[in-house]
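# What the coordinates show
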Amino acid sequence: MLKFCIISTLWLSLILIFQGLLLDMQPGVRVSMPTAATLGLFCRGCLSRVRGLPSRSFSSLPRQMSRWNSQETCGPLPPQENPRVLITGGLGQLGVGLAQILRKQYGTENVILSDIKKPPPHVISNGPFVYADVLDYKHLRELIVNNRITWLVHYSALLSAVGEANVALARKINITGLHNVLDLALENCLRLFVPSTIGAFGPSSPRDPAPDLCVQRPRTIYGVSKVHGELMGEYLHHKYGLDFRCLRYPGVISVNTPPGGGTTDYAVQIFHDALSTGHHECYLRPDTRLPMMHISDCHRATVEFMQAPECQLSLRTYNIAAMSFTPEEVAQEIRKHLPHLKVTYNPDSVRQTIADSWPVRFDDSNARRDWGWAPAFGLEELVSDMLRSIREKRTNEGLPVS
């Protein structure tokens, strides 16, 4: 009798999975996943072994660690196993620069930049670029599978001020797009990086400094979506072994991309104004102190974090810090190079309210201890580099320099 029951159970399990595979080939037909006990008879490895099963939902899948996210992976990748990287939202402030760094390390063809916008000629000439809408799950899945992607860097998002002006769109891109990426990373055993932000904190959070773990009650859709992403990634890591990694970026200051609707954008615009007109109108109060970082430090932190063996990580989301300054402090440092700079202050109520709810400083001691994070740029170095780079850029473009 016992032998008969065992044989019957095995046959039933086979029939359930076989039916599911058949139904999955029929358009529009969806069935529930087999139970964990049944699936466990046939799947003892990564979720990618069962990605042909008829559901994109991960909630019922008993997932083991893949070779990319095994807790035993405590060394650098072997040379023959360079990652295949896809960067979403790649034409924003961070994607192009990160792609250049990763291509130097892993090979040009191994790093694919993507966005929904038309890329400029220099982006096309520097390496692979594809159209990718993070809201189009099927197409994104095809890109990952066809290009054998192993690392996914998810930069697609609407920033703080722009998000407040269009909450519905921000919710769609920042949350629905994130869930598509989480599903695909889980399904294909990807190492997934999703940046978070200073905006993930709120007025009830400790502000000086803000630790990695504390109360987070942001008051922008951008911040809410980022906290959601942090928690979902951590949940999927602990439940299914997803190799999720997240850094809370401070305000990032760079030359090559224009301000994109963030609350810290004044710290980019002030350099352009200083060299073009000699006058900057700031939308924040002169004493508004916020954490900031040079883009080179931001890229380096991201690469070092992605390369860090899992056994070194005590958290899935880390603060990273470099400096903290006010609009008046950065203006004073610029005046050491350009004494004529005039700054007027006309606080914008929306951005000022957002800035007042954010931390004054980040505590990044865990990142420094766990994987050796250390910034290279302070305020003095940042100002010198930004003025030199913008002056050079304007000269090359035939624009006047004040």
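Residues numbered from 1 in each chain as written. Predicted model: local features only at pLDDT ≥ 70, side-chain atom pairs only at ≥ 80, totals over all residues. Heavy atoms only, no water.

### Some thoughts on the pattern of salt bridges
Following the criterion strictly, the structure yields 19 salt bridges and no others. Asp208 is the partner of Arg361 in a salt bridge, and the nearest nitrogen-oxygen pair spans 2.9 Å. Taken as a pair, Arg361 in the loop between helix H12 (349-356) and helix H13 (365-371) and Asp208 in the loop between strand E6 (196-197) and helix H8 (221-240) lie far apart in primary sequence, 153 residues in all. The exposure class assigned to Asp208 is partly exposed, which follows from its relative accessible area of 47%. (Salt bridge = Lys/Arg side-chain N within 4 Å of Asp/Glu carboxyl O. Helix = DSSP H or I, 4+ residues; strand = E, 2+ residues; numbered from the N terminus. Buried < 20%, exposed > 50% of the residue type's maximum accessible area, 1.4 Å probe, protein only.)

### Brief notes about the packing of aromatic side chains
Within a pair of aromatic rings, the relevant descriptors are the distance that separates the centres and the angle that separates the planes. In the structure shown here, the tally under the stated rule is 10 aromatic pairs. Ring centres of Tyr106 and Trp151 lie 5.7 Å apart, and the angle between their planes is 80°; this geometry places the pair in the edge-to-face category. Of this pair, Tyr106 sits in helix H3 (residues 95-106) while Trp151 sits in strand E4 (residues 151-154), placing them 45 residues apart in sequence. Considered together, Tyr106 and Trp151 belong to a single accessibility category, that of buried residues. Geometrically, the ring pair formed by Phe193 and Tyr249 is tilted, given 6.2 Å between the ring centres and 40° between the ring planes. Of this pair, Phe193 sits in strand E5 (residues 191-193) while Tyr249 is found in strand E7 (residues 243-249), placing the two residues 56 residues apart along the sequence. Tyr249 matches Phe193 in its accessibility class, with the two residues each being buried. Through a chain of ring-to-ring contacts, three or more aromatic side chains come together here, namely Tyr155, Phe193, Tyr249, Phe305, Tyr318, Trp371 and Trp373. Stacked on the ring of Tyr283, the Lys or Arg Arg351 has its end atom at 4.3 Å from the ring centre. (Phe/Tyr/Trp six-rings, centres within 6.5 Å; stacked < 30°, edge-to-face > 60°. Lys NZ or Arg CZ within 6 Å of the ring centre and 35° of its normal.)

### Remarks on the pairing of strand E1 (residues 85-88)
Burial along E1 is two-sided: the residues Val85 and Ile87 and Leu86 and Thr88 are all buried. In the sheet, E1 pairs with strand E2 (residues 111-115) via 3 bridges, with the strands oriented parallel. The residue of E2 that forms the bridge with Ile87 is Leu113. You can see the chain leave E1, run along H3 and come back into E2, and the turn it takes is right-handed. Note that E1 and E4 share 4 bridges and pair parallel. Its bridge partner being in E4, Val85 is matched across the sheet by Trp151. (Pairing = 2+ DSSP bridges. Right-handed = clockwise from strand over helix to strand, strands pointing away.)

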